[in-house]
Amino acid sequence: MRHGINESPLNPLPAIVWALALPMIAAEILFGLASTGFMGGSGGIGMRNNAIQQTAFIPELFQRMWAVGALDGHVYRLLTYPFVHVNLTHAAFVIVFTLALGNMIAQQFRPLAFVALFFGSAITAALVYTGFSLMWQGRVEPLIGGYPAVYGLVGAFTFLIWTRLAATGGNRLRAFTLIGMLLLFQLVFGVLFGAGTSWVADIAGFFAGFGLSFLLIHGGLARALALIRAR
């Protein structure tokens, strides 16, 4: 028997990555079936809009609930908004990035640490976005979709590259190439189609993911201290 003949040609994704991506995939399947009237009849056509209304993180609502001490009814939105998207294209980009980046990051993070990274980035991004809404003169758009969490994964990926380059004496600024390309894409997209305000949450998600990596990855804090001493 030839060695490896029964091995899968595809690198299997860690289960924890699928655990986060599958709810997004399942939601899109349900929305697709509902949009055709196949599921839920005519009442199912608005399923995506209803889901967005129930799961989106709305800074103004969060502020009002905080003022009256009634967050219990809406704090769940901090955890649900990354899993529902405005359309299939929006969801597809998030799912692809979650699977691709998650596959690399989950090899360095324990499963619970990976979950903490994903939700920690999403929650931090939402809270920073709420603070931004207090200073912003206009109205901010609700947060919906997994981009802030994905940007947190980009932050963790950047941390891994950053520490690797530092250990080998490479140029650590190269670690920020991916986030630089994403920001350039967002800038061009914003110029062409009009920029909203959710980019603030995306950037906050990136810095949250980068910062959380120091604590969540095994030996992350020790790596950081070693880099500081090496300067």
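You'll find the structure just up there.
Bear in mind the structure is a predicted one, so any value in this text is a computation, not a measurement.

1. Brief notes about the packing of helix H1 (residues 15–35) against helix H6 (residues 111–135)
- Packing of H1 against H6 leaves a shortest axis separation of 9 Å and a crossing angle of 40 degrees. Between H1 and H6, the angle is such that the two are oblique. Packed against H1, whose contacting residues are Ile16, Val17, Leu20 and Met24, the element H6 presents Pro111, Phe114, Val115, Phe118 and Phe119 at the interface.
- Taken together, the residues that form the contact of H1 with H6 break down as 9 nonpolar, no polar and no charged.

2. Looking at the side chain of Thr158
- Within the secondary structure, Thr158 is located in helix H7 (residues 147–168).
- For Thr158, the side chain forms a polar contact with the main-chain oxygen of Val154, separated by 2.8 Å.
- Among all residues touching Thr158, those that are not within four sequence positions of it are Ala175, Phe176, Phe206 and Phe210.

3. A look at the pattern of salt bridges
- For the structure shown, the criterion picks out 1 salt bridge.
- A salt bridge links Glu28 to Arg48; the shortest N-O distance between them is 2.8 Å. Residue Glu28 is located in helix H1, and its partner Arg48 is located in helix H2 (residues 47–55); the two are separated by 20 residues in the primary sequence. Exposure class is identical for Glu28 and Arg48. Each is buried.

4. Regarding the packing of H6 against H7
- Contact geometry of H6 with H7 gives a least axis separation of 8 Å together with a crossing angle of 125 degrees. With respect to H7, the element H6 is oriented oblique. Two packed elements cross with a definite hand, and for H6 against H7 that hand is right-handed. Mapping the contact onto sequence places Phe114, Leu117, Phe118, Ser121, Ala122 and Ala125 in H6 and Pro148, Ala149, Gly152, Leu153 and Ala156 in H7.
- Classifying every residue of the contact of H6 with H7 by side-chain character gives 9 nonpolar, 2 polar and no charged.

Calculation criteria
Residues numbered from 1 in each chain as written. Predicted model: local features only at pLDDT ≥ 70, side-chain atom pairs only at ≥ 80, totals over all residues. Heavy atoms only, no water. Axes fitted to C-alpha atoms, helices over the stretch in contact; angles between N-to-C directions. Helix = DSSP H or I, 4+ residues; strand = E, 2+ residues; numbered from the N terminus. Parallel < 35°, antiparallel > 145°, perpendicular 65-115°, else oblique. Contact = heavy atoms within 4.5 Å. Nonpolar A, V, L, I, M, F, W, Y, C, P; charged D, E, K, R; others polar. Polar contact = N/O pair within 3.5 Å; in protein donor to acceptor, adjacent residues only side chain to side chain. Salt bridge = Lys/Arg side-chain N within 4 Å of Asp/Glu carboxyl O. Buried < 20%, exposed > 50% of the residue type's maximum accessible area, 1.4 Å probe, protein only. Left-handed = near helix turned anticlockwise from the far one by under 90°.

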